[in-house]
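Listed below, chain by chain, are the residues.
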Amino acid sequence: MVTSRDVVRRVDQDGILLAAAADKVVDVLVDERRVWSFWTLRDTETTPAGSLRLAPWPGPLQRFLDGRARITVRETVSRTVIFDERVSFGSGTGEIAIVGRKGEPLSLDKDGRLSATFDVRDAGHTGPLLDAIEEVLSLLHDLGVEAFPAYGTLLGAVREGQFLGHDSDADLGYVSTETTPVDVVRESFRLQREIEERGYDTHRYSGAAFKVDVVEGDGVVRGLDVFGGFFDSDRLYLMGEVGQRFEREWIFPLGTCTLAGRELPAPAAPQKLLEAMYGPGWRVPDPAFKFEKDPRTQERLNGWFRGTQVDLRRWDRLYSSRRHTLPRRQPSTLAVDAHRELPADVHVLDVGAGRGRDAWYLAREGRRVTAYDYLPHAATAVRDAAVRDGLPLDVRRLNFLELRSVLGEGARAARQPGPHAILAVHALDATYAPGRDGLMRFARMTLRGGGRLYANFWTGRKHDLSRVWPISLAEVEKLVRGHGGSIVHASESVVPRADSGERALGQVVAEWA
Amino acid sequence: MKTWLDRLDRSSARVEALEERVRVLEHDLAELRRHNLRLAELTDVVEQLLVPMASRDDAAIAAAIEKFTKSL
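K.L.:
Can you walk me through the overall build of chain A in this structure?
P.N.:
Secondary structure assignment for chain A yields 13 helices and 26 strands. Projected onto its principal axes, the C-alpha coordinates of chain A cover approximately 75 × 60 × 45 Å. Counting all 513 residues of chain A, 53% fall into the buried class. Restricting the contact set of chain A to residue pairs at least 6 apart, pairs at least 24 apart contribute 62%. On chain A, roughly 22,700 Å² of surface is accessible, and the fraction owed to carbon and sulfur atoms is 48%. For chain A, the separation between the mean place of its 70 positive charges and that of its 73 negative charges on side chains is 4 Å.

K.L.:
Can you walk me through the overall build of chain B in this structure?
P.N.:
The number of helices and strands found in chain B is 2 helices and 0 strands. In summary, chain B has a C-alpha radius of gyration of 26 Å against a globular reference of 11 Å for 72 residues, an excess of more than 25%. Counting only C-alpha atoms, chain B reaches 85 × 20 × 10 Å along its principal axes. For chain B, with 72 residues in total, the buried portion stands at 22%. When the accessible surface of chain B is summed, it comes to about 5,400 Å², and 60% of that surface belongs to carbon and sulfur atoms. Between the centroid of the 12 positive side chains of chain B and the centroid of its 14 negative side chains there is a distance of 7 Å.

K.L.:
Would you mind going over the sheet that holds strand β2 (residues 15-19) of chain A with me for this structure?
P.N.:
All names here are of chain A. With respect to topology, 4 strands assemble into an open sheet ordered β1-β2-β6-β5, the strand pairing being antiparallel. Each having just a single partner strand, β1 (8-12) and β5 (45-46) make up the two edges of the open sheet. As paired elements, β1 and β2 share 4 bridges and run antiparallel to each other. Paired with V8 across the two strands is L18, which belongs to β2.

K.L.:
Help me understand empty space enclosed by the protein, please; the structure alone is not making it clear to me.
P.N.:
Gaps left between atoms are located by rolling a probe of water-molecule size over the structure's atoms. Per the counting criterion, the structure on display carries 1 cavity of 30 Å³ or more. Considered as a void within the structure, the largest cavity measures approximately 50 Å³ in volume. Around the largest cavity, the lining residues are F189(A), R204(A), S206(A), G207(A), T308(A), E402(A), R404(A), L37(B) and E41(B). Elements represented by at least two residues in the lining of the largest cavity include exactly β13 (201-206) of chain A together with α1 (2-53) of chain B. Of the residues belonging to the lining of the largest cavity, the class tally is 2 nonpolar, 3 polar and 4 charged.

K.L.:
Looking at this structure, how should I read the confidence of the model for chain B?
P.N.:
Detailed conclusions should not be drawn from predicted coordinates in areas where pLDDT is low. Averaged over chain B, the pLDDT score is 92; the fraction of residues at 70 or greater is 99%. Model confidence for the complex is summarised by a pTM of 0.89, with the ipTM given as 0.87.

K.L.:
Hey, could you run me through the packing of helix α8 (residues 333-341) of chain A against helix α9 (residues 357-364) of chain A in this one?
P.N.:
Residues and elements named next belong to chain A. Where α8 meets α9, the axes come as close as 10 Å, and the angle between the chain directions of the two elements is 30°. Looking at the two axes, α8 sits roughly parallel to α9. Remark: the crossing between α8 and α9 carries right-handed chirality. Between α8 and α9, the residues in contact are A335, V336 and H339 and D358, Y361 and L362, respectively. Looking at the contact of α8 with α9 residue by residue, the classes come out as 4 nonpolar, 1 polar and 1 charged.

K.L.:
I would appreciate a short explanation of the packing of aromatic side chains in the present structure.
P.N.:
The geometry of an aromatic ring pair is captured by two quantities: the separation of the ring centres and the angle between the planes. Residue and element names in this part refer to chain A. Tallied over the entire structure, the rule returns 19 aromatic pairs over all chains. Here the aromatic rings of F118 and F163 are separated by 4.3 Å at their centres, their planes lie at 20°, and the arrangement is stacked. Here F163 lies in the loop between α3 (151-160) and β12 (170-175) and F118 lies in the loop between β10 (114-115) and α2 (123-142), a separation of 45 residues in the sequence. The exposure classification of F118 matches that of F163, with both residues buried. When the centroid spacing of 5.0 Å and the interplanar angle of 85° are considered together, the rings of F246 and W250 count as edge-to-face. Judged by its relative accessible area of 26%, W250 is partly exposed. Above the plane of the ring of F189 lies R404, whose end atom (NZ or CZ) is 3.4 Å from the centre.

K.L.:
What is the right way to read the layout of surface pockets from this model?
P.N.:
Residue and element names in this part refer to chain A. The calculated volume of the second largest pocket comes to roughly 1,400 Å³. Lining the second largest pocket are 48 residues, with W315, R329, R357, V425 and H426 sitting closest to its centre. Going through the elements one at a time, α7 (312-320), α8, β20 (347-351), α9, β21 (369-373), β24 (452-458), β25 (486-497) and β26 (501-511) are the ones with two or more residues in the lining of the second largest pocket. Its residues assigned to classes, the lining of the second largest pocket comprises 23 nonpolar, 11 polar and 14 charged.

K.L.:
Explanation requested: the interface of chain B and chain A in the structure shown.
P.N.:
Many analyses report the size of an interface as the accessible area lost when the parts associate. Residue-level contacts link 27 residues of chain B with 30 residues of chain A. Summed over both partners, the interface of chain B with chain A comes to about 2,600 Å²; 57% of that surface belongs to carbon and sulfur atoms. Where chain B meets chain A, there are 8 salt bridges. K67(B) serves as the salt-bridge partner of E197(A), at 3.0 Å between the closest nitrogen and oxygen. Across the chain B-chain A interface, the total number found is 13 residue pairs in polar contact (both at pLDDT 80 or more). Those elements that provide at least two residues to the side of chain B that touches chain A are α1 and α2 (58-70) of chain B. Sorting elements by how many residues they give to the side of chain B that touches chain A places α1(B) first, with 16 residues. Looking at the side of chain B that touches chain A, its residues break down into 12 nonpolar, 5 polar and 10 charged.

K.L.:
Could you clarify how one ought to interpret the pairing of strand β23 (residues 420-425) of chain A in this entry?
P.N.:
Walk down a regular strand and you will see the side chains alternate between the two sheet faces. Residues and elements named next belong to chain A. Across the 6 residues that make up β23, a large majority, 6, are buried. The two faces of β23 match: H420, I422 and A424 on one face and A421, L423 and V425 on the other face are all buried. Pairing of β20 with β23, which is carried by 4 bridges, proceeds in the parallel orientation. Bridge pairing links V348 to A421 in β23. As paired strands, β23 and β24 are joined by 4 bridges and run parallel to one another. Across the sheet, residue V425 finds its bridge partner in β24, namely N456. In terms of handedness, the path from β23 via helix α12 (residues 433-446) over to β24 forms a crossover that is right-handed.

Rules used throughout
Residues numbered from 1 in each chain as written. Chains lettered and ligands numbered in written order. Predicted model: local features only at pLDDT ≥ 70, side-chain atom pairs only at ≥ 80, totals over all residues. Heavy atoms only, no water. Helix = DSSP H or I, 4+ residues; strand = E, 2+ residues; numbered from the N terminus. Buried < 20%, exposed > 50% of the residue type's maximum accessible area, 1.4 Å probe, protein only. Contact = heavy atoms within 4.5 Å. Areas by Shrake-Rupley, 256 points an atom, 1.4 Å probe, with all protein chains shown as cover. Lys, Arg positive; Asp, Glu negative; His and termini not counted. Charge placed at Lys NZ, Arg CZ, Asp CG, Glu CD. Rg over C-alpha atoms; globule rule 2.2 N^0.38 Å. Pairing = 2+ DSSP bridges. 1 Å grid on protein atoms, 1.4 Å probe; cavity = no way out; pocket = protein on both sides within 12 Å on 5 of 7 lines; lining within 4 Å. Points joined across faces, edges and corners; volume = space filled by probe spheres on them. Nonpolar A, V, L, I, M, F, W, Y, C, P; charged D, E, K, R; others polar. pLDDT = per-residue confidence, 0-100. Axes fitted to C-alpha atoms, helices over the stretch in contact; angles between N-to-C directions. Parallel < 35°, antiparallel > 145°, perpendicular 65-115°, else oblique. Left-handed = near helix turned anticlockwise from the far one by under 90°. Phe/Tyr/Trp six-rings, centres within 6.5 Å; stacked < 30°, edge-to-face > 60°. Lys NZ or Arg CZ within 6 Å of the ring centre and 35° of its normal. Buried area = accessible area lost by both parts, 1.4 Å probe. Salt bridge = Lys/Arg side-chain N within 4 Å of Asp/Glu carboxyl O. Polar contact = N/O pair within 3.5 Å; in protein donor to acceptor, adjacent residues only side chain to side chain. Right-handed = clockwise from strand over helix to strand, strands pointing away.

As C-alpha cells, then:
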C-alpha cells in the first residue's frame with residue numbers, strides 16, 4: 001500500500017494534520033471502513049504551524065476515540081492512500097469500534113450524522129428498502145403522481161447504478177401537475193394521509209415534503225423522503241433545493257434508471273436534474289458534498305412551504321440523548337401552584353411539555369394530564385413509566401406553528417368531557433409570534449367552556465437570554481386579550497440564577513369563559 | 001455649488017425612500033407567500049374535519065379527528 005507521510009503528517013485525538021496544496025475530498029477509514037469524508041481545504045482549520053491544516057474529528061465520532069485502530073486516509077476520487085497506520089487514542093487499550101447500540105456499523109452521512117450508511121449494508125439489508133421504494137413509487141403512481149428517485153438516490157442510480165456509499169436514506173421526488181404552491185401543499189397533505197393509511201409511519205418536514213419510515217430486514221428504521229415539486233411557468237421548483245429554468249421535456253414522459261439491479265422510473269433527462277441538484281460536477285464522487293443554496297430559491301421555498309419546524313432540530317438534539325431517562329428536576333413552581341389551586345377533576349393540558357417533568361409530577365399526584373410537545377418523543381420515558389404505573393398521562397404531538405395541528409388537537413381536546421386547564425411553562429418564550437398565536441388559538445378552543453391558562457415566561461429584563469424568545473408581560477396581556485381572553489392575574493418577579501445573575505419571570509393566569 | 005449639494009441631498013433622500021420601499025415590498029411578498037401554506041392548511045381542515053362534523057354523528061366526528069391528527 002502506498003503511504004505518503006508528506007501529505008498527512010499526524011493523526012491523533014485532535015484530528016488529522018495535513019499539508020494540502022489543493023482542495024481534495026478524502027475518506028477516513030477506521031479498520032478499512034469509511035467513517036467520514038472531508039475536503040482538505042474547505043473543511044480544515046489553519047494551525048500555528050502555518051502551512052499545515054487540521055481536520056478536527058467531527059463531534060459524533062469523538063466519543064468513540066478511546067483505544068487503538070488502524071486509520072487510513074485516502075483520496076476519494078483516485079483511491080490513493082495518503083495515510084495508513086495504527087493509531088492510539090486516549091488511555092484505552094481495546095480496539096475502537098464505531099458501531100451503534102445493536103452493534104451495527106456506523107459512519108457519517110452527507111449531513112454529518114452518524115448513520116448506518118449504505119457502504120456498510122449488504123443486499124440483504126438494502127433489499128427491503130428497494131422493495132419499499134418500489135412500493136411507495138407505485139403507491140404514488142396510483143395516487144396520481146409520477147414519482148422517481150431524487151437527489152442522492154438518483155445520483156447513485158445514474159452515476160453508479162447503486163446507492164451512494166455515504167448516503168443513509170432514500171429520496172423520492174415528483175413534479176406535480178398543480179401550478180400554485182397552495183395546491184402543491186394540498187396534494188402533499190393528501191399523499192401523506194393516503195400513505196399513512198396504508199400502515200406506514202410518516203413525518204412532515206414542510207408543506208411539500210414528508211418522510212415515510214420503512215422498517216428494514218434487520219429492524220433498522222430508514223427514512224424515505226418524498227419531495228414535491230412543480231412548474232411555475234418555465235421554472236422548476238423541487239423541494240428542498242431546486243429552483244431554476246427547466247424544460248418540461250427533461251422530466252416528462254418519465255424514463256427509467258437502474259438502482260441496485262432494479263429498474264425504476266427516472267426523469268426523462270436525469271442528467272439535467274442532477275445538474276440542477278449538484279451542479280455541473282455531479283459526475284465526480286464527493287461524499288462531503290455541501291449544498292450551495294441559491295438565496296432566491298430558498299426565499300421562495302421558505303415562503304411557500306416552510307416555517308412549521310423552526311428550531312425543531314435544536315430541540316431534537318437537546319432531547320435525543322435523554323429521552324429514555326425520567327426527568328429528575330423538581331416540578332416547576334407554576335405546576336405545583338396550579339395543581340394546588342385546581343379542583344381534582346380538572347384535566348391539565350401541559351403544552352410545550354418537553355421531557356414531561358411537570359406532567360409526570362401531576363400524573364403521580366393522581367391528576368389527569370396530557371403532555372403536548374412538537375417533539376413528543378422527548379417525553380418517551382415519562383410516557384412509558386406512566387403506562388407501566390397505570391397513571392392517567394397521555395403524550396401527544398402539538399405544533400403551534402402548524403395550523404392543522406392546533407385546530408386538530410384543539411378540536412380533540414375541546415370534545416373531551418370535564419373541565420380543562422392549560423399549563424404553559426416557558427412555552428411562550430420557546431417560540432416566536434406565529435407560535436404564540438397558535439398557543440392562544442389552542443387555549444381559546446379548549447378553554448371556551450371554562451378553565452384557565454397558567455403561563456410563565458422570561459420577559460427579557462435583567463438578562464440577555466440565549467435559546468429563548470423573551471416576551472414582555474404587557475405583550476402577553478395584549479396577546480391574551482387579542483385572542484378574546486381575559487387576564488385573571490399578571491405579575492413579574494426577579495429570579496436569582498446560580499449561573500447567570502438574575503432574570504425577570506413573567507406569570508399570567510387567563511381565562512376565556 | 002448650493003444647487004449641486006441640494007440635488008445630491010434630494011437624490012440621496014430618493015435612494016433612501018426607494019430602499020425603504022423595497023424593504024416594505026419584500027416584507028409584503030414574504031407575507032403573501034406564507035398565505036399558500038396557511039390556505040392549504042385551512043382547506044385541509046375544512047375538508048377533513050368540518051365536513052364530517054356537519055354530519056353530527058358523534059362517532060364519525062371522533063374518528064375524523066383521530067384520523068386527521070394522526071396523519072399530520
